[in-house]
Amino acid sequence: MTEPSGETAPEAPEDVAPTEDVQEDVRQGAAEPEEPGTAEESASAAGPATDEEPPPAEEPTTAQEPDVAEDSDEPAADAAEEPEEPDVADASREAADTEPAEPASETPETPEASEASEEPGPEGDAAAKTSDTPELSDAQAELAAQRELRARIEARKAEKEGPLASGAKLSGTAADLLAAVRAVEGGAASGSAFYEAPEPAPRRPTPEAAPAVTVRPPVPAQASAPAPGTTAAVREVLAKGGAPEALADQVAAALGEDASQALLDDPWQLLAVPGVRPEQADGFARALLGAACGPDDPRRTVALTVWLLERAALQGHTALEIDTVRAGLAGHAVPDPAAAVEEAVSAGAVLVFQEEETAEEEPEEGEEDEEAPESAAAEPASPVLLGLDRYALAEESLADGLARLVKTATADTWEGSELERTAGAHGLVLHTGGEAARTEPVALAAAARARGLRTLVAVHADGGRRALGPAGADTVTVAALLSGAAGPGRDEEGAFAVDLLVVLDAPQLDVETAAMLVESLPDGCRLVLSGDPAVLGAPGAGQVFGDLLAARVCPRIASRVPDPGPLGELVSGIGAGELNQVEAPGKEIVIVPVRDAGEAVHRTVQLVADSVPRAIGVPAEQTQVVTVGHGGSAGTRALNAALKQRLNPGPGRFGGYDPGDRVAYAPVPGRTLTGTVLSADAEGLRLRCGDEELLVPKERVESALRHGWALTAHQAAGLRWPAVVVVLPGDAAGGLSRPWVYTAFGRAERHLSVVHGVDQALPRAVAEGVAPERTTRLRPLLEALLAVPEE
């Protein structure tokens, strides 16, 4: 969950349907690029709420705010932010605020990871065996791990004679591509007519036993910064086209050494930079090309098609229906959207998918199936989808990897709980439950270790590890495991030296992270994915846990362990669609009604700084504020400014930060670390995040760092605090959904205060606000590989 170019996951996608999001992006062309979590930022400000508290039946509890000073003369918050044209710094910073990430109404563009991969040489391997490897930052190591995995996927893909499995990617000449699209859409042929079944990828042999010394591969070299000459040339082209020269570094990083020539040949390549909008790219192109460009310029239509799919990925989609993409192109004044899509397909910029339909049994000889034509006409064909190569590769690799684990695991008889017995008999198991249910997969891991198995537990964030108490001592984060910073190391084949991997917070796995994780598991390894399906989805593209649950291709164990106390009762009811009135004798839940956003900010500061520490006994540093979006008069920006002024005032002499400031750091898009500023020097800003110290390079402070007293729900997913203050100002009503409320309220361990200004919108969101489904391809891929034929 990241912010600026590395901020958190988008939240908007959770509240807005994909088709509407794309069309709305087009209609609002000049809207501010938002972080993945700002659908709420664009919600129109609602009128002031009534002075009366909401009826008790609609509130989680009737408890009153503890000892809040009513006469505080702290100034109210400023009016809601007006959308404005972002400058270079704003564009970079907004991209990082990804809350699924908000899948937000305006989400920042996520910078693409470098596609170049570097395989470690023999010298590096030898060095790894003889000495400790120098550690890079989490961001560098994680990006390097992504590059390494992509290279491996590309190599496997090259070994196949046909295109991607399941009829995913069309191949052949441009004419074949165009003919394929027209034939599928016109009904002249089924999607399967253009696909060939690939040969299965070679499988690595099952490890016989744990190696005496596991091999930890050397940390990949840090991606080199653009050459000064490249940046200077890009700066000249940007100046010529009237674009901010400060974008030069980002353009050079996105387009490579020939970035300046690429911009001269195709000015719309500027859309590859996070935060740049189509109107800005159009103005840049007109300045460079003059009358030689128009709205139907093939370069423009291809770039816009890719841009729409990239924005959809920020909202959680790995593909979009072809009609949705056409609607988005039409909203950006493309004269012939259908021809534009065909041009993008023929250029290889996007891929066309149509999942194969299950063949029906043919009638026996002598029988005539007279109703067949009618039934065929009544059943609509599977939709034609468009997607980007990176997500197609990830979904294909993940489906293949999961199928490999299922088929190579050796069934065994384990005694113990239902989860233990099931894990012993299967290679892939899903486990669902609330916060209290996390003890079950942890107990499974302990029992597996007692059986002599190499076992590892991975969590989404450091906070999730600390919440496990002593059991979390041997737990690692998924990011640290993939980067090589933690975990058991890898064998000679590059696989983790584990026999059982238990992943908590599985709903937070996006498709690319999940693909890297599964690709790194050896044959015969057992994988248990555990999580709460009611929480907000992953900050990146995909819904891996949800697709696996829906595909029904492996055992699913539902925990019967309830979350305890008034907070557990409240959150459990929300998961069932009911906002119940809960008795809270120990002031575990408090409702604080407010009339407007200014009062919401004022009361939030009071709660964090005074009321909760005095009445509940939880200090301010252990109290977390959660709100709907980054913008608005009661979003994270406004709340963090007010909380800093009260809790740690200072001039912000280190790029806007002072020692002691709470911060949210996004080392990569979709992942947020919370910590505290320690100091600053010539290299950058030094933070303490959990038990480790991190350095944020000075050039990344503005784009990857935010103050962290207040977070969005997507940023807070996977974490818990002793006390949580959830802020619901009137203008946030449009951003609420049942998963959002469930996630936000569920972050509290001992105490929850709700600053309530949305009246009946809260119970309505709990009862009706189901987040829209993400468009993905993983489920049909899994069903094709693992579905058990009906008897």
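Our structure's up above, just so we're on the same page.
Below is a summary of the structure that appears in this document. Predicted model only: the values in this text are computed from it and were never measured.

A few words now on the overall build of the protein. When helices and strands are tallied, the protein shows 29 helices and 20 strands. Counting every position in the protein, which comprises 791 residues, the buried fraction comes to 56%. Surface accessibility of the protein: about 32,200 Å² in total, with carbon and sulfur atoms responsible for 50%.

Right, let's talk about the nonpolar core for a bit. Grouped together as the largest cluster of nonpolar side chains are 85 residues, with contacts concentrated most on Leu 238 and Leu 527. It is helix H11 (residues 298-314) that contributes the most residues to this core, 8 residues altogether. Not counting chain neighbours up to four residues away, the residues in contact with Leu 238 comprise Ala 243, Pro 244, Glu 245, Leu 247, Ala 248, Val 251, Leu 263, Leu 270 and Phe 284.

Before going further, it helps to examine the environment of Glu 768. By the secondary structure assignment, Glu 768 is in helix H28 (residues 761-768). Sequence-wise, Glu 768 and Ser 737 are 31 residues apart; in three dimensions their C-alpha atoms are separated by 7.7 Å.

Covered by surrounding structure in strand E8 (residues 500-503) are Leu 500 and Val 502 together with Leu 501 and Val 503, the residues of both alternating faces. Inspection of the sheet shows strand E6 (residues 455-459) paired to E8 by 4 bridges, in the parallel sense. Bridged to Ala 458 within E8 is Val 503. Looking at chain direction, E8 and strand E9 (residues 526-531) are connected through 4 bridges and run parallel. Each residue of the ladder has a partner; that of Leu 500, found in E9, is Arg 526. One crossover worth recording links E8 to the parallel E9 by way of helix H20 (residues 511-519), and it is right-handed.

Moving on to the sheet that holds strand E16 (residues 692-697). Adjacent strands of a sheet pair through backbone hydrogen bonds, lying either parallel or antiparallel. Taken in spatial order, the 5 strands of this open sheet run E16-E15-E14-E13-E17, and their pairing is antiparallel. If you trace the sheet from one side to the other, it starts and ends with E16 and strand E17 (705-707), each paired once. For this sheet the average axis-to-axis angle between neighbouring strands, irrespective of direction, equals 45°. As defined by bridge partners, strand E14 (residues 671-680) adjoins strand E15 (residues 684-689) across 4 bridges and the pair is classed as antiparallel. Bridging from a neighbouring strand, Ala 680 pairs with Leu 685 of E15.

Moving on, we get to unusual backbone geometry. Positive phi values are uncommon outside glycine, yet Ala 333 reaches one of about 65°. The residue Arg 552 is not glycine, and still its phi comes out positive at about 55°.

With 5 of 5 residues buried, E6 is to be regarded as a mostly interior element. A two-sided burial pattern is seen for E6, the buried positions comprising Thr 455, Val 457 and Val 459 on one face and Leu 456 and Ala 458 on the other. In terms of strand pairing, E6 meets strand E7 (residues 475-477) through 3 bridges, oriented parallel. Note on E7: the bridge partner recorded for Val 459 is Thr 477.

As a further point, take helix H21 (residues 544-551). Most of H21 is tucked away, with 6 of its 8 residues classed as buried. Packed against the buried residues of H21 are helix H15 (389-408), strand E5 (428-432), H20, E9, strand E10 (556-558) and helix H29 (778-786). Backbone geometry just after H21 places Arg 552 at a positive phi near 55°.

Mapped onto the elements of the fold, Thr 230 is located in helix H7 (residues 228-240). Every residue in contact with Thr 230, bar those within four places of it in the chain, is listed here: Ala 252, Gly 256 and Glu 257.

To continue, consider the packing of aromatic side chains. Counted according to the given criterion, the structure contains 0 aromatic pairs. The lysine or arginine in question, Arg 777, covers the ring of Phe 353, its NZ or CZ lying 4.0 Å from the ring centre.

This part covers the side chain of His 751. Looking at the element boundaries, His 751 is found in strand E20 (residues 748-756). When its relative accessible area of 0% is taken as the criterion, His 751 is described as buried. Engagement of the side chain of His 751 in a polar contact is seen with the side chain of Ser 753, the distance being 2.7 Å. Among all residues touching His 751, those that are not within four sequence positions of it are Leu 567, Lys 587, Glu 588, Ile 589, Val 590, Val 612, Ile 616, Pro 722, Ala 723 and Val 724.

If you trace the 3 strands from one edge of the open sheet to the other, you get E2-E4-E3, paired in antiparallel fashion. Each of the sheet's edge strands pairs with one partner strand only, and the pair in question is strand E2 (319-321) and strand E3 (351-353). With direction set aside, neighbouring strand axes in the sheet form an average angle of 30°.

What counts and what doesn't
Residues numbered from 1 in each chain as written. Predicted model: local features only at pLDDT ≥ 70, side-chain atom pairs only at ≥ 80, totals over all residues. Heavy atoms only, no water. Helix = DSSP H or I, 4+ residues; strand = E, 2+ residues; numbered from the N terminus. Buried < 20%, exposed > 50% of the residue type's maximum accessible area, 1.4 Å probe, protein only. Areas by Shrake-Rupley, 256 points an atom, 1.4 Å probe, with all protein chains shown as cover. Core = buried A, V, L, I, M, F, W, Y, C linked by side-chain atoms within 4.5 Å. Contact = heavy atoms within 4.5 Å. Pairing = 2+ DSSP bridges. Right-handed = clockwise from strand over helix to strand, strands pointing away. Axes fitted to C-alpha atoms, helices over the stretch in contact; angles between N-to-C directions. Phe/Tyr/Trp six-rings, centres within 6.5 Å; stacked < 30°, edge-to-face > 60°. Lys NZ or Arg CZ within 6 Å of the ring centre and 35° of its normal. Polar contact = N/O pair within 3.5 Å; in protein donor to acceptor, adjacent residues only side chain to side chain.

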